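Read off the chains here:
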Amino acid sequence: MELYSGYINKLIEELAALPGIGSKSAQRLAFHLINMPQDKVNRLAAAIVDAKANVRYCKECYTLTDREVCPVCANQKRNHGLIMVVENTRDLAAYEKTGRYEGVYHVLHGAISPMLGIGPGDIKLKELMARLHDDVEEVIIATNSSLEGETTAMYISKMIKPVGIKVTRIASGVPVGGDLEYIDEVTLLRALEGRVEL
Ligand code: ZN
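This is a predicted model, so every value here is computed, not measured. Residue positions are counted from 1 within each chain, in the order its sequence is given. Given that this is a predicted model, residues contribute local features only at a pLDDT of at least 70 and side-chain atom pairs are listed and counted only at 80 or more, while totals for whole chains, interfaces and linings are drawn from all residues. Hydrogen atoms and water are omitted, and side-chain values are computed over all heavy atoms in the structure.

**Q** Please give an account of a nonpolar patch on the surface that cites residues and values.
**A** Patch membership is restricted to residues that have no salt bridge and whose relative accessible area is over 30%. Joining uses 9 Å for like charges and 5 Å for the nonpolar side chains Val, Leu, Ile, Met, Phe, Trp and Tyr. All accessible-area figures derive from a Shrake-Rupley calculation using a 1.4 Å probe, and residue coverage is judged against the displayed protein chains alone. Counted as salt bridges are all cases of a side-chain nitrogen of Lys or Arg within 4 Å of a carboxyl oxygen of Asp or Glu. On the surface, Leu44, Ile48 and Val49 cluster together into a nonpolar patch covering about 280 Å² of accessible area. Secondary structure follows DSSP: runs of H or I at least 4 residues long count as helices, runs of E at least 2 residues long count as strands, and numbering of each begins at the N terminus. As for its placement among the helices and strands, Leu44 is situated in helix α3 (residues 38-54).

Structure below.
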């Protein structure tokens, strides 16, 4: 016997497929949505559809943005010879919040993970190599200090060294396995200032 209507089951199923949402949360959210006023539901649905239709990769750093080139890359006051490599757009946002980083970024959209079957070809590494022209002075690797983040950092370092560009890694002090976006600004700045050459 079906406990809920087919529509509710479908909604629960879609919500439960999202990261971090278990079946109980999915049920709670589904009933919350059903009980919401129609105009609020329409706004939420439109926000999802519009974001999906309009958000794209910056053609320089590959962060998610509404424009062809993101505001950081478009800013000529930033140091375009200093590239910080991060795993995702949330990490970029965490560094931007400190207001102290003057360079630009490169967003990988993931990290190498043999266990999850994510190889170098699955993240934006080719795109990083394509950006390494003569005017690049330093590449700062700011991937997470998880196993995947460290593996990715090593891979990038090996890849860039032959090119002759300085490669640094942000200091530890960033808790092991810690997602960059949850770390406070002081810790982030300390990790950045204490970066070491690889
Ligand atoms: Zn950009």
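**Q** Any chance you could break down helix α7 (residues 147-160) for me, citing the residues and the numbers?
**A** The end-to-end C-alpha distance of α7 is 20 Å, a good match for the 20 Å that 14 residues give at a rise of 1.5 Å each. It only takes one pair of heavy atoms within 4.5 Å for two residues to be counted as in contact. Where the residues of α7 are buried, they touch β3 (79-86), α6 (125-130), β5 (138-141) and β6 (166-169). Under the convention used throughout, the expected extent of a helix is 1.5 Å for every residue step, that is, one less than its residue count.

**Q** Quick rundown of the coordination of the zinc ion? Include the residues and the values.
**A** Donor atoms (N, O, S) are those found within 2.8 Å of the metal centre, with the cutoff raised to 3.2 Å for Na, K and Ca; water is not part of the atom list, so apparent gaps in a site can occur. Of the protein atoms, only Cys58 (SG), Cys61 (SG), Cys70 (SG) and Cys73 (SG) coordinate the zinc ion, at distances of 2.3 Å. Seen from the zinc ion, its four donor atoms lie at angles of 105 to 117°, and the figure they make is tetrahedral. When the donor residues of the zinc ion are listed from N- to C-terminus, their spacing reads C-x2-C-x8-C-x2-C. The buried label applies to any residue whose accessible area, calculated with a 1.4 Å probe on protein chains only, is under 20% of its type's maximum; exposed applies above 50%, and partly exposed to all values in between. Residue classification places Cys58 among the buried positions, given a relative accessible area of 0%. Angular criteria define each label, namely tetrahedral for four donors with all angles between 85 and 135 degrees, square planar for four and octahedral for six donors with opposite donors over 155 degrees apart and remaining angles between 65 and 115, and irregular for whatever fails these tests.

**Q** Hey, could you go over the domain arrangement of the protein for me, with residue numbers and the actual values?
**A** Per the annotation, domain bounds derive from an automatic or database assignment of domains. In terms of domains, the protein is made up of domain 1 (1-37) and domain 2 (64-173 + 180-193). Between the C-alpha centres of domain 1 and domain 2 there is a distance of 37 Å.

**Q** With reference to specific residues and values, describe the environment of Pro71.
**A** Following the sequence through the fold, Pro71 ends up in helix α4 (residues 71-74). Taking the relative accessible area as the measure of exposure, Pro71 reaches 46% and is therefore partly exposed. The spacing of Pro71 and Glu148 is 77 residues in sequence and 29 Å in space, taken between C-alpha atoms.

**Q** Got a sec to walk through the confidence of the model for the protein? Specific residues and values, please.
**A** When the pLDDT values of the protein are averaged, the result is 90; 93% of them are 70 or greater. Confidence, expressed as mean pLDDT per element, reaches its minimum in the protein at helix α8 (residues 185-193) with 82 and its maximum at strand β4 (residues 103-107) with 97. Confidence of the predictor at the level of single residues is given by pLDDT, which spans 0 to 100.

**Q** An account of the side chain of Thr168 is requested, with residue identities and associated values reported.
**A** Within the secondary structure layout, Thr168 lies in strand β6. Judged by its relative accessible area of 2%, Thr168 falls in the buried class. Within polar-contact distance, the side chain of Thr168 engages the side chain of Glu138 at 2.7 Å. Beyond its immediate stretch of four places on either side in the chain, Thr168 contacts Glu138, Val139, Ile140, Ile141, Arg195, Val196, Glu197 and Leu198. Pairs of N or O atoms within 3.5 Å make up the polar contacts considered here, provided that, within protein, one atom can donate a hydrogen while the other can accept it, and that residues adjacent in sequence are counted only when both atoms are side-chain atoms.

**Q** Kindly report on the sheet that holds strand β7 (residues 196-197), identifying the contributing residues and their values.
**A** One open sheet holds the five strands; their spatial order is β4-β3-β5-β6-β7, and the pairing between them is mixed. Each having just a single partner strand, β4 and β7 make up the two edges of the open sheet. Where β6 lies against β7, two bridges are found, and the strand directions are antiparallel. Considered in β7, the bridge of Thr168 is made with Glu197. By this definition, two strands are paired if DSSP reports at least two bridges between them.

**Q** Please set out helix α1 (residues 6-16) residue by residue, giving values where relevant.
**A** All of the buried residues in α1 are Ile8, Ile12 and Leu15. Taken around the axis of α1, the buried residues stretch over an arc of 65°, which confines them to a single face. In α1, the exposed positions that point more than 90 degrees away from the buried face belong to Tyr7 and Glu13. Here the buried face of α1 lies against α2 (23-35). You can read the cap of α1 off the contacts: a side-chain oxygen lies 3.2 Å from the backbone nitrogen of Tyr7, and it is on Ser5. Here the arc refers to the directions that run from the helix axis out to each C-beta atom.

**Q** So, the pairing of β6: which residues are in play, and what are the values?
**A** In the sheet, β5 pairs with β6 via four bridges, with the strands oriented parallel. Each residue of the ladder has a partner; that of Val139, found in β6, is Val167.

**Q** Could you give me a rundown of the packing of aromatic side chains, with the residues and numbers involved?
**A** Given two aromatic rings, one states the distance between the centres and the angle between the planes to describe the pair. The aromatic pairing rule takes the rings of Phe, Tyr and Trp, using the six-membered ring of Trp, and pairs them if the centres are within 6.5 Å, calling planes under 30 degrees apart stacked, those over 60 edge-to-face and the rest tilted. Applying the stated rule across the entire model yields two aromatic pairs. With a centroid separation of 6.2 Å and 55° between ring planes, the pair formed by Tyr57 and Tyr62 is classed as tilted. What makes Tyr57 partly exposed here is its relative accessible area of 40%. With 5.1 Å between their ring centres and 55° between their planes, Tyr101 and Tyr105 make a pair best called tilted. Per residue, the accessibility class of Tyr101 equals that of Tyr105, and both read buried.

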